[in-house]
Amino acid sequence: MASISPYLTFTGNCEEAFNFYKSVFGGDFPYVGRFKDMPSENPIPESEGNKIMHISLPISKETTLMGSDSSEAFGHATVMGNNFSISINAENEEEAKRLFDGLSEGGKVTMPLNKTFWGALFGMFTDKFGIQWMVNYDYEQKY
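Reading guide: rules and limits
Residues numbered from 1 in each chain as written. Predicted model: local features only at pLDDT ≥ 70, side-chain atom pairs only at ≥ 80, totals over all residues. Heavy atoms only, no water. Helix = DSSP H or I, 4+ residues; strand = E, 2+ residues; numbered from the N terminus. Rg over C-alpha atoms; globule rule 2.2 N^0.38 Å. Contact = heavy atoms within 4.5 Å. Pairing = 2+ DSSP bridges. Axes fitted to C-alpha atoms, helices over the stretch in contact; angles between N-to-C directions. Phe/Tyr/Trp six-rings, centres within 6.5 Å; stacked < 30°, edge-to-face > 60°. Lys NZ or Arg CZ within 6 Å of the ring centre and 35° of its normal. Core = buried A, V, L, I, M, F, W, Y, C linked by side-chain atoms within 4.5 Å. Buried < 20%, exposed > 50% of the residue type's maximum accessible area, 1.4 Å probe, protein only.

Enquirer: How do you make sense of the overall build of the protein when you look at a structure like this?
Expert: Scanning the protein for helices and strands turns up 2 helices and 8 strands. If you list the helices and strands of the protein from N to C, you get β-α-β-β-β-β-α-β-β-β. By the compact-globule yardstick of 15 Å for 143 residues, the protein fits well, its C-alpha radius of gyration being 15 Å. Along the first, second and third principal axes, the C-alpha atoms of the protein reach 35 × 35 × 30 Å. Of all intrachain contacts in the protein linking residues separated by at least 6 positions in sequence, the fraction that spans at least 24 positions is 51%.

Now the structure itself:
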């Protein structure tokens, strides 16, 4: 069955926050991606390049804390109090599609479920109750 992780969004201090969380929980970051490293049709402003596109910190066998920065330059301003999502990591493509379609019914899809440059099937939406979700299936499983 799918696993669920909290996904936090910051206004430019994601790296600082995750270094703090790491000092408390311990562990290492298996991945730190910056916006300057992301393929993009639109040039990323230099001031935004070093911001975090995605970071993860395993805090237990079952739980990974995930996060990123966001800003107006990326078309999404972070609003404190609404700066988190529930991230689902599916076990297979079919499960990802079923969960995405089911949970997004009656809600608003903000990023359709599609293959990504990082080797996953990924999509985002806000469900009909106002909860933000991300659904991900990694084609190359890492466990």
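Enquirer: Teacher, can you tell me more about the sheet that holds strand E7 (residues 120-126) here?
Expert: Hydrogen bonds between backbone atoms are what pair the strands of a sheet, whose relative direction is either parallel or antiparallel. Taken in spatial order, the 8 strands line up as E2-E3-E4-E1-E5-E8-E7-E6 in an open sheet, and their pairing is mixed. Lying at the two open borders of the sheet, with one neighbouring strand each, are strand E2 (31-34) and strand E6 (108-115). Recorded for the sheet is a direction-independent mean angle of 20° between the axes of neighbouring strands. Sheet analysis places E2 next to strand E3 (residues 52-58), joined by 4 bridges and oriented antiparallel. The residue of E3 that forms the bridge with Tyr31 is Ser56. Contacting strand E5 (84-89), E6, E7 and strand E8 (132-138), helix H2 (residues 93-104) runs over the sheet at an angle of about 10° to E7.

Enquirer: I tried to follow the packing of aromatic side chains on my own but got confused; where do I start?
Expert: The description of an aromatic ring pair rests on the distance of the ring centres and on the angle between the ring planes. Inspection of the entire model under this criterion finds 8 aromatic pairs. Grouped by ring-pair contacts, the aromatic residues Phe10, Phe18, Phe20, Tyr21 and Phe29 constitute a single cluster. Stacked on the ring of Phe29, the Lys or Arg Lys22 has its end atom at 4.9 Å from the ring centre.

Enquirer: Would you mind showing me how to read the nonpolar core here?
Expert: Buried together is how nonpolar side chains tend to be arranged in soluble globular proteins. With 11 residues, the main nonpolar core is built from Ile88, Ala90, Ala96, Leu99, Phe100, Leu113, Leu121, Phe125, Trp133, Val135 and Tyr137. Taken together, the elements giving at least two residues each to this core come down to H2, E7 and E8. In this structure, Val135 is in contact with Ile88, Ala96, Phe100, Leu113, Leu121, Phe122, Gly123 and Phe125, ignoring residues within four places of it in sequence. One finds Ala17, Phe18, Ile52 and Leu65 within the second-largest nonpolar core, a separate group that totals 8 residues.

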